[in-house]
Amino acid sequence: MATRIIRTYEDDILRKKCKPVGEINERIITLLDDMAETMYAANGVGLAAPQVGTLRRVVVIDVGNGLIELINPVILESSGMQEGNEGCLSVPGKQGVVTRPDHVRVEALNRDGEKFIIEGEGLLARAFCHEIDHLDGILYTDLVEGELEDIEYDEDEEVTEE
């Protein structure tokens, strides 16, 4: 496993639509492992493949309940509404208010190529939407209501951005 460089908002790759994964091979497994290591090293809760320079539909998320790996994720349904601050590892030091569904149902493949469905509420629903948006070239900054704000970190504070 290796920590990869996280691309920031100036990088054009973040605005490109990702291609579906056709075959889950060693390169995809390595990508999943590297993305998880990169996300944890950056104290994030989610990371999408374009954020590390790969235009494939691959996402990793951990909102505190263990690692979730999604290959070719699709939101099947969503309901409710939540409004809250979002940040992004690709937009460091900033946050903004975004409205997202409060509940989502996602279909994806796991690293073994098995299709599964997962549901999320609250922060997990927000993370699913945020990371899947990345796969379509959408940044949370496109959805911010109002202005982006600077994030001020205490020296002892743990940084948790999506």
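Quick caveat: nothing in here was measured; it's all calculated off a predicted structure.

Novice: Looking at this structure, I do not really get helix α2 (residues 123-135). What am I missing?
Specialist: A turn of α-helix holds 3.6 residues, and therefore any two residues three or four places apart point the same way. Helix length check: α2 (13 residues) gives 19 Å between terminal C-alpha atoms against 18 Å at 1.5 Å per residue, within 8%. When you tally the buried positions in α2, you get 12 out of 13 residues, the bulk of the element. Of all the residues in α2, the buried ones are Leu 124, Ala 125, Arg 126, Ala 127, Phe 128, Cys 129, His 130, Glu 131, Ile 132, Asp 133, His 134 and Leu 135. Just downstream of α2, Gly 137 is the residue with a positive phi angle, here 80°.

Novice: Honestly, the sheet that holds strand β8 (residues 149-150) in this entry has me stumped. Any pointers?
Specialist: Sheet strands pair by backbone hydrogen bonding; their relative direction is either parallel or antiparallel. Across the sheet, which stays open at both edges, the three strands sit in the order β4-β5-β8 with antiparallel pairing between neighbours. Taken across any chain shown, the strands that pair with only one partner, and hence form the sheet edges, are β4 (82-88) and β8. In the sheet, β4 pairs with strand β5 (residues 91-100) via six bridges, with the strands oriented antiparallel. Paired with Cys 88 across the two strands is Val 91, which belongs to β5. Lying over the sheet, α2 contacts β4 and β5, oriented at roughly 50° with respect to β4.

Novice: Could you clarify how one ought to interpret the side chain of Gln 82 in this entry?
Specialist: Mapped onto the secondary structure, Gln 82 falls in strand β4. Within the structure, the side chain of Gln 82 is placed 3.0 Å from the backbone oxygen of Pro 101, a separation counted as a polar contact. Engagement of the side chain of Gln 82 in a polar contact is seen with the backbone oxygen of Gly 122, the distance being 2.8 Å. With near-sequence residues (within four places) excluded, Gln 82 lies in contact with Val 98, Thr 99, Arg 100, Pro 101, Asp 102, Gly 122, Ala 125 and Arg 126.

Novice: Before we go on, may I ask you to explain the sheet that holds strand β3 (residues 68-79) in this structure?
Specialist: As summarised here, the arrangement of the five strands in space is β1-β2-β3-β6-β7, forming an open sheet in which the pairing is antiparallel. Sheet topology places β1 (46-48) and β7 (115-121) at the edges, where each strand pairs with a single neighbour. When strand polarity is set aside, the average angle formed by the axes of neighbouring strands in this sheet is 40°. Alignment of strand β6 (residues 103-109) against β7, held across seven bridges, turns out to be antiparallel. Considered in β7, the bridge of Ala 108 is made with Phe 116. On the sheet, helix α1 (residues 26-41) packs against β1, β2 (58-61) and β3 and is oriented at approximately 35° with respect to β2. Its contacts with the sheet put α2 on β1, β2, β3, β6 and β7, and the angle it makes with β7 is roughly 125°.

Novice: It is not clear to me how the nonpolar core should be interpreted in this structure. Could you clarify?
Specialist: Nonpolar side chains tend toward joint burial in soluble globular proteins. Counting residues in each nonpolar core, the largest one holds 17 residues, and the members touching the most others are Ile 61, Ile 68, Leu 70 and Phe 128. For this core, the secondary-structure elements that each account for two or more residues are β2, β3, β6 and α2. For this core, the element with the highest residue contribution is α2, accounting for seven residues. Once residues within four sequence positions are removed from consideration, Ile 68 is found in contact with Val 59, Val 60, Ile 61, Ile 118, Leu 124 and Phe 128. Ranked by size, the runner-up nonpolar core spans 14 residues in total, among them Ile 28, Ile 29, Val 58 and Leu 89.

Novice: Would you explain the pairing of β3 in this entry?
Specialist: Within a regular beta strand, the side chains point alternately toward one face of the sheet and then the other, so they alternate between its two faces. As judged from the four bridges shared by β2 and β3, these two strands associate in the antiparallel manner. The residue bridging Val 58 from the neighbouring strand is Ile 71, located in β3. Connecting β2 to the next strand, β3, in antiparallel fashion are six residues, including Gly 64 with a positive phi near 115°. Here β3 pairs with β6 via six bridges, running antiparallel. Within the sheet, the bridge partner assigned to Ser 78 lies in β6 and is Val 104.

Conventions and cut-offs
Residues numbered from 1 in each chain as written. Predicted model: local features only at pLDDT ≥ 70, side-chain atom pairs only at ≥ 80, totals over all residues. Heavy atoms only, no water. Helix = DSSP H or I, 4+ residues; strand = E, 2+ residues; numbered from the N terminus. Expected span 1.5 Å × (residues − 1). Buried < 20%, exposed > 50% of the residue type's maximum accessible area, 1.4 Å probe, protein only. Pairing = 2+ DSSP bridges. Contact = heavy atoms within 4.5 Å. Axes fitted to C-alpha atoms, helices over the stretch in contact; angles between N-to-C directions. Polar contact = N/O pair within 3.5 Å; in protein donor to acceptor, adjacent residues only side chain to side chain. Core = buried A, V, L, I, M, F, W, Y, C linked by side-chain atoms within 4.5 Å.

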